[in-house]
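# Overview (structure and organization)
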Amino acid sequence: MVNFKIERCVGLSDREIIRLSLADLEYFACLVLKYEVRLLSYIKKISQSNHDEAEDILQEAFIKIWKNLNGYDPRLKLESWIFRIVHNETISYWRKKTSYSKDNIVRLDDERLHTLMAAEDVDEMAGESFFRIIEEVLPLLKQEYREVLVLKYLEDKSYIEISDILKIPEGTVATRINRAKKSFKELAGGKFDNTIFK
Amino acid sequence: MNNAQKIIDKIKGENIQPRPEWSFASAEYIKWGAFMLFISIGSISFSIILFAISVNGFDMLQHFKHSKLESILVILPILWLATLILFLGGSIVSIMHTGRAYKYSFGKWVGLSTGISIAIGTLFFITGGAKWLEHKFETNIESYESIQEKKTAIWSQPELGTLSGEIVEVAGDTLYIKDFKSRFWTIDISSAFIAPKVVMETTEQIKLNGKKTGDAIFKADQIKPWEACQ
């Protein structure tokens with residue numbers, strides 16, 4: 001690692017990184033560097049982890065990715081496969097550690113939170129109030145609802161990608177997103193003044 | 001130290017090696033192999049159930065004095081029904097653990113596995129495989145209660161309205177038969193429906209629905225050939 005030049009990662013496709021990593025472990029760093037920021041953000045969004053915990057989860061997830069590198073199915077996007085492993089590791093970590101606390105607040109600073117506003121079932125709301133609602137409501141959602149909303153609206157994943165990440169049929173993804181949006185709206189509507197919705 | 005470096009160092013420090021490619025391929029082949037094995041056994045079970053139905057016939061359900069469910073359970077070979085359910089379940093579990101199975105819902109896999117079992121099982125039954133296999137079980141496994149034995153037991157319950165045996169003599173509206181336990185019966189056939197396939201001659205084997213009216217006396221409602229449905 002000491003002599004590894006990050007520049008060597010430039011221009012490499014995911015498949016090339018995998019191929020080169022299997023021949024030379026140092027190239028595995030390219031994979032970590034390419035995805036770590038998004039994955040850390042994702043871990044925090046679905047699990048209420050603090051930064052240190054998220055880094056621990058990420059490290060364990062990348063170890064698993066390394067162990068299973070030969071098992072990657074090229075029919076699905078590498079990114080989806082990586083998200084799947086990170087997702088499973090996150091859920092597993094939090095199940096071991098604790099049941100999800102409803103008092104915790106997820107810190108969301110992603111600009112893509114705005115995409116939630118564009119969701120057809122969630123009407124426009126005043127900016128600051130909206131973020132407050134997102135922060136307080138998201139942790140109240142059932143895990144299966146929270147993860148689809150995060151993947152769809154905060155990670156901009158397609159139904160196919162969500163299906164590959166969560167290992168559920170696309171039809172189930174669609175159903176779950178609809179239910180999640182309803183649940184989100186109900187929770188937000190109950191918790192806050194209803195005038196916040198148009 | 002950045003994350004990439006920490007991860008690389010940990011992999012190196014603990015000498016963690018990627019699982020070999022063949023182990024993933026093998027695991028997948030094993031799951032598909034298990035699926036095919038389970039489907040095959042499930043299909044065979046289904047074919048033997050079909051065979052049992054063809055031998056015993058559901059038409060006798062109406063003559064049983066028990067509930068329909070109870071009667072169905074008597075007619076169906078429970079061992080093979082349990083085997084079918086067990087292996088059908090096994091096939092679904094194994095296929096759902098294959099790489100891309102999550103693309104389809106649980107219901108679709110249940111439907112597909114059931115459909116394949118029914119299709120192969122029916123084919124096996126039509127080609128006579130079920131009868132042959134059932135006979136093999138009967139001759140090779142002492143404790144196995146064959147469908148023929150079960151059929152005989154089902155059709156030898158005069159108190160419940162069934163009787164079977166070999167015609168000894170035909171005398172007008174009276175029939176004399178010897179049942180499969182070698183007991184002689186006098187049968188009143190004056191108001192009985194006699195199936196066209198029944199040959200009313202001595203040594204002909206028949207089965208009857210009706211009512212026991214006395215000691216070794218039976219009033220028949222229906223008379224059918226013993227092997228009619230096979």
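What comes next concerns the included structure.

Procedures and definitions
Residues numbered from 1 in each chain as written. Chains lettered and ligands numbered in written order. Predicted model: local features only at pLDDT ≥ 70, side-chain atom pairs only at ≥ 80, totals over all residues. Heavy atoms only, no water. Helix = DSSP H or I, 4+ residues; strand = E, 2+ residues; numbered from the N terminus. Bend = angle between axes of the 7 residues up to and from the residue. Buried < 20%, exposed > 50% of the residue type's maximum accessible area, 1.4 Å probe, protein only. Contact = heavy atoms within 4.5 Å. Salt bridge = Lys/Arg side-chain N within 4 Å of Asp/Glu carboxyl O. Polar contact = N/O pair within 3.5 Å; in protein donor to acceptor, adjacent residues only side chain to side chain. Nonpolar A, V, L, I, M, F, W, Y, C, P; charged D, E, K, R; others polar. Core = buried A, V, L, I, M, F, W, Y, C linked by side-chain atoms within 4.5 Å. Axes fitted to C-alpha atoms, helices over the stretch in contact; angles between N-to-C directions. Parallel < 35°, antiparallel > 145°, perpendicular 65-115°, else oblique. Left-handed = near helix turned anticlockwise from the far one by under 90°.

Moving on: unusual backbone geometry. In this structure, A:Asp156 is a non-glycine residue whose phi angle is positive, near 55 degrees. Structurally, A:Asp156 can be placed in the loop between α7 (143–154) and α8 (159–166). Even without being a glycine, B:Thr203 presents a positive backbone phi close to 75 degrees. Among the secondary structure elements, B:Thr203 is positioned in the loop between β4 (193–194) and β5 (205–214).

Residues and elements named next belong to chain A. Taken as a whole, helix α2 (residues 28–47) carries its principal kink of about 50 degrees at glutamate 36. Here α2 lies mainly inside the structure; 14 of its 20 residues are buried. Phi for glutamine 48, located one or two positions after α2, is positive at around 60 degrees.

Between chain B and chain A, the residue contacts involve 21 residues of the former and 32 residues of the latter. If you look at where chain B meets chain A, you find six salt bridges. With a closest N to O distance of 2.4 Å, B:Lys12 and A:Glu26 form a salt bridge. For the interface between chain B and chain A, the tally reads eleven residue pairs in polar contact (both at pLDDT 80 or more). Among the elements of the structure, α1 (3–13) and α2 (21–56) of chain B are those that each provide at least two residues to the side of chain B that touches chain A. Here the side of chain B that touches chain A gets nine residues from one element, more than from any other, and that element is α1(B). Of the residues assigned to the side of chain B that touches chain A, the class counts are ten nonpolar, four polar and seven charged.

Residues A:Phe28, A:Phe62, A:Ile65, A:Trp81 and A:Ile82 are the most contacted members of the largest nonpolar core, which totals 62 residues. With eleven residues, the single largest contributor to this core is α2(A). The residues contacting A:Ile82, other than those within four sequence positions of it, are A:Leu31, A:Tyr35, A:Leu39 and A:Ile65. Counting residues in hydrophobic clusters, the runner-up holds 16 residues, among them B:Leu175, B:Ile177, B:Trp185 and B:Ala220.

What follows covers the packing of helix α3 (residues 51–67) of chain A against helix α4 (residues 78–97) of chain A. All names here are of chain A. Relative orientation of the contacting elements α3 and α4 amounts to 125 degrees, with a least axis distance of 9 Å. Here α3 is positioned oblique relative to α4, judged by the angle of their axes. The chirality of how α3 crosses α4 is right-handed. Touching Glu53, Ile57, Glu60, Ala61, Lys64 and Ile65 of α3 are Trp81, Ile82, Ile85, Val86, Glu89, Thr90, Tyr93, Trp94 and Lys97, all from α4.

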